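Each chain, written out:
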Amino acid sequence: MSPVFPMLTVLTMFYYMCLRRRARTATRGEMMNSHRTIESNSRTSPLNAEVVQYAKEVVDFSSHYGSENSMSYTMWNLAGVPNVFPSSGDFTQTAVFRTYGTWWDQCPSASLPFKRTPPNFQSQDYVELTFEQQVYPTAVHVLETYHPGAVIRILACSANPYSPSPPAEVRWEILWSERPTKVNASQARQFKPCIKQINFPTNLIRLEINSSLLDYYTELDAVVLHGMKDKPVLSLKTSLIDMNDLEDDDYEEEDGCGMDNLNKKFSSTALKEGPNNGYFDKLPYELIQLILNHLTLPDLCRLAQTCKLLHQHCCDPLQYIHLNLQPYWAKLNDTSLEFLQARCTLVQWLNLSWTGNRGFISVAGFSRFLKVCGSELVRLELSCSHFLNETCLEVISEMCPDLQDLNLSSCDKLPPQAFNHIAKLCSLKRLVLYRTKVEQTALLSILNFCSELQHLSLGSCVMIEDYDVIASMIGAKCKKLRTLDLWRCKNITENGIAELASGCPLLEELDLGWCPTLQSSTGCFARLARQLPNLQKLFLTANRSVCDTDIEELACNCIRLRQLDILGTRMVSPASLRKLLESCKDLSLLDVSFCSQIDNRAVLELNATFPKVFIKKSFTQ
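A few points on the structure. (Residues numbered from 1 in each chain as written. Predicted model: local features only at pLDDT ≥ 70, side-chain atom pairs only at ≥ 80, totals over all residues. Heavy atoms only, no water.)

1. Overview of the environment of A555
Heads up, the rule is: Numbering of helices and strands runs from the N terminus; a helix is a DSSP stretch of H or I covering at least four residues, while a strand is a stretch of E covering at least two. Burial here depends on accessible area, computed with a 1.4 Å probe over protein chains only, as a share of the maximum for the residue type. Under 20% is buried, over 50% is exposed, and the range in between is partly exposed. Whether two residues touch is decided by their heavy atoms; if any such pair falls within 4.5 Å, the residues are in contact.
Here A555 is to be found in helix α16 (residues 548-557). Residue classification places A555 among the buried residues on the basis of a relative accessible area of 8%. Among all residues touching A555, those that are not within four sequence positions of it are K579, L580, S583 and C584.

2. Some remarks on the nonpolar core
We count it as follows: Only buried residues count toward a nonpolar core. Its members are Ala, Val, Leu, Ile, Met, Phe, Trp, Tyr and Cys residues joined through side-chain atoms within 4.5 Å.
Residues L408 and I422 are the most contacted members of the largest nonpolar core, which totals 108 residues. The residues touching I422, leaving out its near neighbours within four places in the chain, are L393, L406, L408, L428, L431, L433, I446 and C450.

3. So, the packing of helix α13 (residues 467-477) against helix α14 (residues 494-503)
Each pair of packed helices can be described by the angle between their axes along with the distance between the axes. Put simply, the rule reads: What counts as an axis is a line fitted to C-alpha atoms, over the stretch in contact for a helix, and the angles between N-to-C directions run from 0 to 180 degrees. The labels follow the angle: roughly parallel below 35 degrees, roughly antiparallel above 145, roughly perpendicular from 65 to 115, and oblique for the rest. All amino acids are sorted into three groups, where Ala, Val, Leu, Ile, Met, Phe, Trp, Tyr, Cys and Pro are nonpolar, Asp, Glu, Lys and Arg are charged, and the leftover types, Gly among them, are polar.
One way to put it is that α13 packs onto α14 with a least axis distance of 8 Å and a crossing angle of 10°. Put simply, α13 runs roughly parallel to α14. Contacts between α13 and α14 involve D468, A471, S472, I474 and G475 on the former and, on the latter, N495, G496, E499, L500 and G503. Grouping the constituent residues of the contact of α13 with α14 by class yields 3 nonpolar, 5 polar and 2 charged.

4. Structural notes on the pattern of salt bridges
Test applied: Salt bridge, as used here, is a side-chain nitrogen of Lys or Arg placed within 4 Å of a carboxyl oxygen of Asp or Glu.
This model, assessed by the stated rule, comprises 23 salt bridges. Residue E128 pairs with R206 through a salt bridge whose shortest N-O separation is 2.6 Å. One end of the pair, E128, is in strand β4 (residues 125-146); the other, R206, is in strand β8 (residues 202-209), with 78 residues separating them in the sequence. Assigned by exposure class, E128 and R206 land together as buried. In this structure, D215 and K182 form a salt bridge, with 2.9 Å as the shortest nitrogen-oxygen distance.

5. Things to note about the environment of P611
Here P611 shows up in the loop between α18 (600-609) and β21 (614-616). C-alpha separation for the pair P611 and S588, spaced 23 residues apart in sequence, amounts to 9.6 Å.

6. Overview of the sheet that holds strand β16 (residues 483-485)
Stated precisely, the cut-off is as follows: Strand pairing is assigned whenever DSSP detects at least two bridges linking the two strands.
Within the open sheet, the 12 strands sit side by side as β10-β11-β12-β13-β14-β15-β16-β17-β18-β19-β20-β21. Their pairing is parallel. Looking at which strands have only one partner, the edges of the open sheet turn out to be β10 (322-324) and β21. Between one strand axis and the next, the sheet turns by 5° as a mean value, whatever way the strands run. Looking at chain direction, strand β11 (residues 349-351) and strand β12 (residues 379-381) are connected through 3 bridges and run parallel. By the bridge assignment, L350 is partnered in β12 with L380.

7. Considerations on the layout of surface pockets
Keep this limit in mind: Residues are called lining when one of their atoms sits within 4 Å of a cavity or pocket point, these points coming from a 1 Å grid over the protein atoms alone, where a cavity is a set in which a 1.4 Å probe fits but cannot get out and a pocket is an open set with protein on both sides within 12 Å along at least five of seven lines. Grid points are joined across faces, edges and corners, and a volume is the space filled by probe spheres set on the points.
Put simply, the largest pocket is a space of about 1,600 Å³. Lining the largest pocket are 47 residues, and of these W104, D105, S111, Q124 and N407 sit closest to its centre. Counting residues per element, the ones that place at least two in the lining of the largest pocket are β12, β14 (430-432), β15 (455-457), β16 and β17 (509-511).

Below, the structure is given as structure tokens:
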């Protein structure tokens, strides 16, 4: 054999190793550039023309700033052609999520984070959009009109929402992902991430959002899906580049989200049994358990395959006292819950938010799991879990007698009668019913029997006929209440506020944003300030009647105030705000957007005097 051939072989191996090292150490941006190379090498026939389409419909979302009964600032604005792009600024015709920054995490109502949350899962909100035609995606463009940079993941689904028959299998594929990054400019932009190619057509796209680094609310105007009706054919050169550009992170991402893979690992029985386990035989059982507490759920399942000793440790119910399954929403199903069931008999905190949709989890599967694992539950997160029905809430009320924390945020498909079962959970301390169809009768029953409540969220609950009656019951029964969210309550008046203020003196957080029936002239806001000295957060968003007298009452009585939102008022002057800032030394957030007497010059002067306070002043171009 010629000496040239061994030399070529060595060079080929060296070149391959260099490519693998670059793939392992490359940043996500570099990897995306490689995917751009892949896309540029795609060969399409003239008949396979690119289809460009705007979203047809918004089918699901986790939260929005707007009302359920209007289009202003709602997710539904993402459907169709752009409304305001390329203009920049704060426009009601855009889609806006409920929160931004870390302000909500710093409030008294904030929940503690779950342990074992994978570091690559940082999504806080999502929205799902359908398109007219199924295509193989070549690009997804997001039109951002204000404070861009919140989109961190884009996914595609194999299911066609418009198909008359349900699919045999539903798959979600990540087209693009990135860790949250700070975008310094607040101007409009067309966000064009480089997406990877998938092997199935789609007309269902999901955007996942993290707003923690934003200075203000992000606003999205439209989403454009580019794609081919027929599957693009890749050249040989492209295939090689794609193979060499696979990062280890990609394997971890797919494996970490694949609960079907975890199921196989849990059920593995062919484990090695050697004469000894090295130093592990000498370590105390409790110390090994403590070490394993730092592993994520997929890593725990991987470790369980190594030997019988570690399998025993990894299957110990003490490892599953806090169980966060939200990061695995795309694959979690009845089989996953069945395999986890035997290990979760001591679970106290359980997060099933975003899971089970499109038939992944059945009512029977959820019920079986809770009947085995619900007796010790203290906290149950079920935000956006659309598989829930009345039977599920009945099972929760029967199987979880010690439940203290229940989150049903945006479970808008739950029928009104289902909420009657919550009244049986007499130990509840936190209840989140944001964007649900809870009715007045059921809510009155809950308040009557759940007198230990400390945190209550009723934001955007549009089925309540009379919020004054609800406020009166809260004041009479919930004496320990510390936080109350009445965001967009349509009919609360000064009478309800009076009952709240007198009956709940421990209130530290009160959200009365977009409550149009409250009028400062009745003295309701001044009464709040005088009777609730512990207030740390007060949102009076979009109440045009808030005046200098109200601000001065807050300055005199609520010196612990940390966050105040008076967006949209016409009657507050810079002088009263200066008094407030001088009195409330802990104030860190002040939103004066669209306050007609507070111009940019006044904001600059206040910022110069009080540099530790973030004063928000939105604008419309």
